[in-house]
Every structure is written in C-alpha cells, then in structure tokens.
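Structure at a glance
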Amino acid sequence: EALHLLESDGLITIQAHKGAVVRKLSRQDFSEFFQLRSLFESFAAGRCAKRIDEPGVREAFLPLYQEAQAIAAGSERRPFSEHDADMHDTILRMCNNQMLIEHLRRISLVPLFRYRFLSSIKPADLRQSAAEHVDILGAILAGSEAQAEAASRAHVARINGIVQSIDAATFDQLFHFRKG
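Note that the structure is a prediction, hence the values are computed from the model and not measured.

**Thoughts on the overall build of the chain**
Counting secondary structure elements, the chain contains nine helices and two strands. Reading the chain from its N end, one meets helices and strands in the order α-β-β-α-α-α-α-α-α-α-α. Out of the 180 residues in the chain, the part that is buried amounts to 43%. By sequence separation, contacts in the chain at least 24 residues apart represent 72% of the contacts at least 6 residues apart. Here the chain has roughly 9,800 Å² of accessible surface; of this, 54% comes from carbon and sulfur atoms.

**With respect to the nonpolar core**
Judged by nonpolar contacts, the single largest core of 26 residues is most densely connected at C48, F61, I91, I136 and I140. Of all elements in the fold, only α2 (27–50), α3 (57–72), α4 (80–94), α5 (98–107), α7 (123–142) and α8 (145–165) reach the threshold of two or more residues within this core. Beyond its immediate stretch of four places on either side in the chain, I91 contacts E41, A44, A45, C48, F61, I136 and I140. Membership of the second largest hydrophobic core comes to 19 residues, among which are F30, F34, I121 and I166.

**Description of the confidence of the model for the chain**
Close reading of the predicted structure is inappropriate where its pLDDT is low. In the predicted model, the chain carries a mean pLDDT of 86, and the fraction of residues at 70 or more is 86%. Here helix α1 (residues 2–8) is the element of the chain with the lowest mean pLDDT, 66, and α3 is the one with the highest, 96.

**Observations concerning the packing of α2 against α4**
Here α2 crosses α4 at 65°, and the two axes come no closer than 8 Å. Comparing the axis directions of α2 and α4 gives the class roughly perpendicular. Between α2 and α4 lies a crossing of left-handed hand. Counting all contacts with α2, which are made through R37, E41, A44, A45 and C48, the residues of α4 involved are H88, I91, L92 and M94.

**Some words on the pattern of salt bridges**
For side chains of opposite charge, pairing can occur when their charged atoms come near one another. Counting across every chain of the model gives seven salt bridges. Here D86 ties to R78 by a salt bridge, and the two come within 2.6 Å at their closest N and O atoms. Owing to a relative accessible area of 32%, D86 belongs among the partly exposed residues under this scheme. Members of the salt-bridge network, linked through shared partners, are E67, R78 and D86.

**Here's the deal with the packing of α2 against α8**
Between α2 and α8, the least distance of the axes is 8 Å, while the angle of their chain directions is 160°. In terms of orientation, α2 lies roughly antiparallel with respect to α8. The two elements α2 and α8 meet at a crossing, and its hand is right-handed.

**Looking at the packing of aromatic side chains**
Two descriptors summarise a pair of aromatic rings, namely the distance from one centre to the other and the angle between the planes of the rings. A complete count under the given rule lists two aromatic pairs for this structure. Between F30 and F171, the ring centres sit 5.7 Å apart and the planes meet at 80°, which makes this aromatic pair edge-to-face. One end of the pair, F30, is in helix α2; the other, F171, is in helix α9 (residues 168–175), with 141 residues separating them in the sequence. No difference in accessibility class separates F30 from F171, as the two residues are buried.

The rules we used
Residues numbered from 1 in each chain as written. Predicted model: local features only at pLDDT ≥ 70, side-chain atom pairs only at ≥ 80, totals over all residues. Heavy atoms only, no water. Helix = DSSP H or I, 4+ residues; strand = E, 2+ residues; numbered from the N terminus. Buried < 20%, exposed > 50% of the residue type's maximum accessible area, 1.4 Å probe, protein only. Contact = heavy atoms within 4.5 Å. Areas by Shrake-Rupley, 256 points an atom, 1.4 Å probe, with all protein chains shown as cover. Core = buried A, V, L, I, M, F, W, Y, C linked by side-chain atoms within 4.5 Å. pLDDT = per-residue confidence, 0-100. Axes fitted to C-alpha atoms, helices over the stretch in contact; angles between N-to-C directions. Parallel < 35°, antiparallel > 145°, perpendicular 65-115°, else oblique. Left-handed = near helix turned anticlockwise from the far one by under 90°. Salt bridge = Lys/Arg side-chain N within 4 Å of Asp/Glu carboxyl O. Phe/Tyr/Trp six-rings, centres within 6.5 Å; stacked < 30°, edge-to-face > 60°.

Rendered as structure tokens:
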C-alpha cells in the first residue's frame, strides 16, 4: 500500500520484473513543484501575518527572524539547512490550515533534496536566502499579509532559478544521487 501511495505521488514507478524504481525527476518536475510550493507557501505566509497577534504566533517567529538577520549578516549559529527547515515548517504549522499542510507535505520534494541542495550552493546564495527569510519573517511579524505573500513568492522563484541554472552533471549528482 505504501508503494502505491508513492507511485500515486509520482515518486516511484512500479515496473514488471523490477519492482519499485525511484522516478528520475526532471527540471520540469522541479519547476512545477516550485510553482505549487510558491502558491502554498505564499498563502501560508500571508495567513501567518494575518494571525500574528494570536497567542503564540509572534513568539514562534521572533527567534527565527533574529536568526535570519544574524545569518544574513554573516553570523551563522547553526547550519543554514536547519534554520531553513525550521522557518518553512513554522510557517506551515502556524498558518493554521491543516489541509494545506497535508497537501504541501504530500507533494514536497524538499525533505529529499534540501540538505544536498543547500550544501551545494554558494555562500552568497545562502546569505541571500537568509536576507529573503528576513523579508518574509519581517512581513509576518509586521502583520502584512500581502508583503509576506510577495516575499515568499519571490524567495521560492529565486530558488527555482538556482535549480534550473545548475549544470547537467551537478543536477544529476544532486537530484539523482549519482556520483560526480
């Protein structure tokens, strides 16, 4: 049953006489994933901004905002991949929309590739991501729904641009788990 769920999510194919085979994801697959991620995450960021004065919401985002500011300034206290995962997970958790969370997690390729991808990009790109996190989190903390949505969309679009510009050998190494 689990294999059939993975197949319906497009992550594996079940082949006669071979069994389950992990599907090779194309640049187009990633582009489509980022389009959906942009819709879901921008909506979630906007919802968080709208909910900022509800109990516990501001407190969930303030430490992440301060950490993003430090990373953008060149002072990383923990691996960026951990901050990135915590920020995106907090936005999803605090948006208070369980159906959105379930759908995004179901299509999300991020857990499979986040660490490999983030460890491969330039330090300047990581600092830029941190600066974008400052924008997203600042808009949420300010209660600006439209600004939080726009900053989130811009961040996801830039990450998609980086993925789309990776040379073929590196793309294969990162996303198809082949040695370079």
